[in-house]
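# What the coordinates show
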Amino acid sequence: MRTLRLTFRHLWFQRWRSLILLLAISLTITVPIGIHWLIAAFQRSMVARAVSTPFLVGAKGSPFDLMLNDAYFSLRRIDTVPYGEFEGLENDGFAAAIPLHIFFTAKKCPIVGTTPEYYEFRHLMPVTGTVPLQIGDATIGSAVARRLNLHVGDTLLSDPAGIYDIARTFPLNMHIVGVFRESSTADDQAVFVDLKTAWIIEGIGHGHQDIVNKVASEAVLERTASNVTVDDSVPPYTEITDSNIESFHFHGDESQFPLMGIIVLPKDDKSATILRGRYHVSKDRQMIEPLAVVEEFLAVVFRVERFFDLVFVFVAAATMAFISLILLLSIQIRKREFATLRKIGASRATLVWLCIGDVVVLLIGASLIAIAISCVGVAFAEEWLKAVG
Amino acid sequence: MIVFQDVRFRYPGSDAFALDVPELRIGEGEKIALVGPSGSGKTTIVSLIAGILSPERGSIVVDDVALERADDSARRVFRLRRIGLVFQEFELLEYLSATENILLPYFLDGTMLLEDKTWVAVRELAARCGLSDKLDRLPAELSQGERQRVAICRALVMKPKLLIADEPTANLDSVNAATAMDILIEFSRRDKITCIVITHDKQLLPAFDRVIDVSRFSGLRGAP
């Protein structure tokens, strides 16, 4: 212990050199440890969400994009499938199905249009309020509530789809009727609405505001036989209220309304096999197993990780070479000190320790720092990954 | 205290220098000055006494310990606990404070307890060497004279039986040299420590009981 004291005193005396070495070694250890842990956390997070989503049906295209869009709400521009596909699945009796419309955002949070079955399937329970009960209602994930400081009774405006689209519909001002309990999944980051609400945001369904009769006359800028122009006191967004809810309606064939995907929960293995076969031969639909897609993706990640491992071996070797050089130079500089200690009566073990003690203490210190940084980093990353996945 | 009998020493691989000491006796508490020209073997003879070097033949007994029979580890422990060494260049550890430098033998001997009385002894020792207000300072913050006094305290802290000083005043001005010698002589008198000092300074010789010219033991004058 007393020789350890000498080591610490020497490290403190050379504190700038010690600090630089400590940081250099910490960094060399942190990066590979951090990446390993991060990938492990990423894997856990991805797999957990994928496992809880047995099958997804969507338009033919990238299975990965379909999975990211429908399971992780990471918005991708994927093709749609008609609502009739969902009805067909329900009617076939092979599986329970949950429709998903995930395309729009509100304050950058994905708006998930779905049915109440989704909340049951994901075990989402409102911690305050209720699930969306009528069009225009929204129940928000816990992270959305926290980030945007929203509560039941507040409103949330959907983001405009494209400001240069002159045919665009107005954003929808949604009423927040509930906040879901934290689930540490992508659901925390989403705004949940009824499927019809999502279609209204898309412009498929709409209501009518009685500009001609109900808007104050001072708001009217110009009135012709076929057109009324009003000033900006008339809100430039749509809001579904008790007074206008009856006016909302949809045009067209509902079975052709768009969905971004359908969660499919086969009744048994046989049903799953039949559905697999059906979608295998389909030209414009696909049914994916998120777990298989995730595993395929993770295989690529692990290959990249192995490459990084190789790089880190070389970096570690170079760092160790530098540390050895510093150690040798240090021994050279301290040669006279060691000779004096030998004369006074220091044992060989003490002298050996004094030679390598600096490096040993720095390595231990750097390892602890690396582990601490990795733990903190991964904890943050895990939270983020949970939210994403 | 110290008995050399029929001792012969040569540096390995060197035929140019040899030290032959047929007989040399130094009594307990004696104050000895070792003199002789450079290369005559003064440092070699104290290294033999301290057990740092081993003779080619003959017997060296120090404080009833036959050094030629002791292994390296035993000689090391003997040196650490019974011999205080003072060097010409002080050889303080630059990263330790004066107190820590004084306590260095304790740091090197893991079996010796650092008790409260040890700290008291260090403070008393420092006070007698005029270092009371310098104990927290690093060697770089001390004058040459103060550094040598710290080195003397380090040599004395284990209460040695034998004090060996290799030209302790060579790097000091006359005032500091006199102070350092006074401290060495005073402590060796008070505690009956056998004191061997290598010196070239003839003015210091009267302070010693005996002066030994080492050149009479060396085979070849002027060798290393």
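Above this text is the structure in question.
Predicted model only: the values in this text are computed from it and were never measured.

What counts as what
Residues numbered from 1 in each chain as written. Chains lettered and ligands numbered in written order. Predicted model: local features only at pLDDT ≥ 70, side-chain atom pairs only at ≥ 80, totals over all residues. Heavy atoms only, no water. Contact = heavy atoms within 4.5 Å. Buried area = accessible area lost by both parts, 1.4 Å probe. Salt bridge = Lys/Arg side-chain N within 4 Å of Asp/Glu carboxyl O. Polar contact = N/O pair within 3.5 Å; in protein donor to acceptor, adjacent residues only side chain to side chain. Helix = DSSP H or I, 4+ residues; strand = E, 2+ residues; numbered from the N terminus. Nonpolar A, V, L, I, M, F, W, Y, C, P; charged D, E, K, R; others polar. Pairing = 2+ DSSP bridges. Axes fitted to C-alpha atoms, helices over the stretch in contact; angles between N-to-C directions. Patch = residues over 30% accessible without salt bridge, like charges linked within 9 Å, V, L, I, M, F, W, Y side chains within 5 Å. Areas by Shrake-Rupley, 256 points an atom, 1.4 Å probe, with all protein chains shown as cover. Phe/Tyr/Trp six-rings, centres within 6.5 Å; stacked < 30°, edge-to-face > 60°. Buried < 20%, exposed > 50% of the residue type's maximum accessible area, 1.4 Å probe, protein only. Lys NZ or Arg CZ within 6 Å of the ring centre and 35° of its normal. Core = buried A, V, L, I, M, F, W, Y, C linked by side-chain atoms within 4.5 Å. Left-handed = near helix turned anticlockwise from the far one by under 90°.

To continue, consider the interface of chain B and chain A. Contact residues are listed per partner, giving 26 residues for chain B and 20 residues for chain A. Summing the contributions of chain B and of chain A, the shared interface buries around 2300 Å²; its carbon and sulfur component is 59%. When residues of chain B are sorted by the area they lose upon contact with chain A, Tyr-95, Phe-107 and Leu-108 of chain B head the list and together hold 33% of the total. Salt-bridge contacts for Arg-336 of chain A lead to Glu-89 of chain B; the nearest nitrogen and oxygen are separated by 3.8 Å. At the surface where chain B touches chain A, the tally comes to ten residue pairs in polar contact (both at pLDDT 80 or more). Sorting the residues of the side of chain B that touches chain A by element identifies helix H2 (72-82) and helix H4 (104-108) of chain B as the ones contributing at least two each. Of the residues in the side of chain B that touches chain A, the class split is 15 nonpolar, two polar and nine charged.

Residues and elements named next belong to chain B. One open sheet holds the four strands; their spatial order is E2-E1-E4-E5, and the pairing between them is antiparallel. Whereas interior strands pair on both sides, the edge strands pair on one side only; in this sheet they are strand E2 (19-26) and strand E5 (65-66). Examined bridge by bridge, strand E4 (residues 57-62) and E5 share two bridges and lie antiparallel to one another. Looking across to E5, one finds that Val-61 is bridged to Ala-66. Each of strand E1 (2-9), E2 and E4 is contacted by helix H1 (residues 42-50), which is oriented at about 120 degrees to E1, the strand it contacts most.

A surface patch of nonpolar side chains, about 470 Å² in accessible area, is lined by Val-300, Val-304, Phe-307, Phe-308, Val-311 and Val-315 of chain A. By the element assignment, Val-300 of chain A lies in helix H10 (residues 290-333).

Quick look at the environment of Arg-147 of chain B now. All names here are of chain B. On the secondary structure map, Arg-147 appears in helix H6 (residues 144-156). Taking the C-alpha atoms as reference points, Arg-147 and Glu-91, separated by 56 residues in sequence, lie 9.0 Å from one another. Once you skip the residues sitting within four places of it in the chain, Arg-147 turns out to touch Phe-90, Leu-92, Pro-139, Ala-140 and Leu-142.

Once that is clear, we can look at the packing of aromatic side chains. Scanning the entire structure with this criterion turns up 18 aromatic pairs over all chains. Ring geometry for Phe-73 of chain A and Tyr-118 of chain A: centres 6.5 Å apart, planes at 45 degrees, overall tilted. Here Phe-73 of chain A, found in the loop between helix H3 (63-71) and strand E2 (81-82), pairs with Tyr-118 of chain A, found in helix H5 (residues 116-121); they are 45 residues apart in sequence, far enough to count as distant. Looking at Tyr-118 of chain A, the relative accessible area reads 0%, which means it is buried. Each ring, one from Phe-250 of chain A and one from Phe-257 of chain A, has its centre 5.9 Å from the other, and the planes form 45 degrees; the classification is tilted. An aromatic cluster is present here, built from Phe-73, Tyr-118, Tyr-119, Phe-180 and Phe-192 of chain A joined pairwise through their rings. In this structure, Arg-49 of chain A is placed above the aromatic ring of Phe-73 of chain A, and the distance from its NZ or CZ to the ring centre is 5.4 Å. Note that Arg-128 of chain B overlies the ring of Phe-187 of chain B, its terminal NZ or CZ placed 4.6 Å from the centroid.

Here we come to the nonpolar core. Among the nonpolar cores identified, the biggest contains 85 residues, and Leu-341 of chain A together with Phe-4, Leu-19, Leu-34, Ile-45, Leu-104 and Ile-196 of chain B are the most heavily contacted of them. Sort the elements by how many residues they give to this core and helix H7 (residues 174-190) of chain B lands first, with seven residues. In this view, Ile-196 of chain B contacts Ile-2, Ile-26, Ile-32, Leu-34, Val-46, Ile-49, Leu-162, Leu-163, Ile-164 and Ala-165 of chain B; residues no more than four positions away in its chain are not counted. Listed in part, the 28 residues of the second largest apolar core include Met-67, Ile-102, Leu-124 and Phe-192 of chain A.

Next up on the list: the packing of helix H4 (residues 83-92) of chain A against helix H9 (residues 269-281) of chain A. Residues and elements named next belong to chain A. Following both chains from N to C, one finds H4 and H9 inclined at 150 degrees, their axes separated by 13 Å at the closest point. Relative to H9, H4 is oriented so that their crossing is right-handed. Note on element contacts: H9 touches H4 through Leu-275, Arg-278 and Tyr-279, opposite Glu-85, Leu-89 and Asp-92. Among the residues making up the contact of H4 with H9, the classes are represented as three nonpolar, no polar and three charged.

Residue and element names in this part refer to chain B. In terms of burial, H1 is largely enclosed, as eight of its nine residues are buried. Of the positions making up H1, those classed as buried are Lys-42, Thr-44, Ile-45, Val-46, Ser-47, Leu-48, Ile-49 and Ala-50. Once H1 ends, the next one or two residues include Gly-51, with phi positive near 80 degrees.

The next thing to look at is the sheet that holds strand E6 (residues 83-86) of chain B. Residues and elements named next belong to chain B. Spatially, five strands are ordered E6-E7-E8-E3-E9 in an open sheet, and the strand pairing comes out parallel. One side of each edge strand has no neighbouring strand; the edge strands of this open sheet are E6 and strand E9 (210-213). Direction aside, neighbouring strands of the sheet carry axes that sit 20 degrees apart on average. Where E6 and strand E7 (residues 162-166) come together, four bridges link them in parallel fashion. Bridge pairing links Gly-84 to Leu-163 in E7. Across the face of the sheet, H7 comes into contact with strand E3 (31-35), E6, E7 and strand E8 (194-198) while running at roughly 140 degrees to E3.

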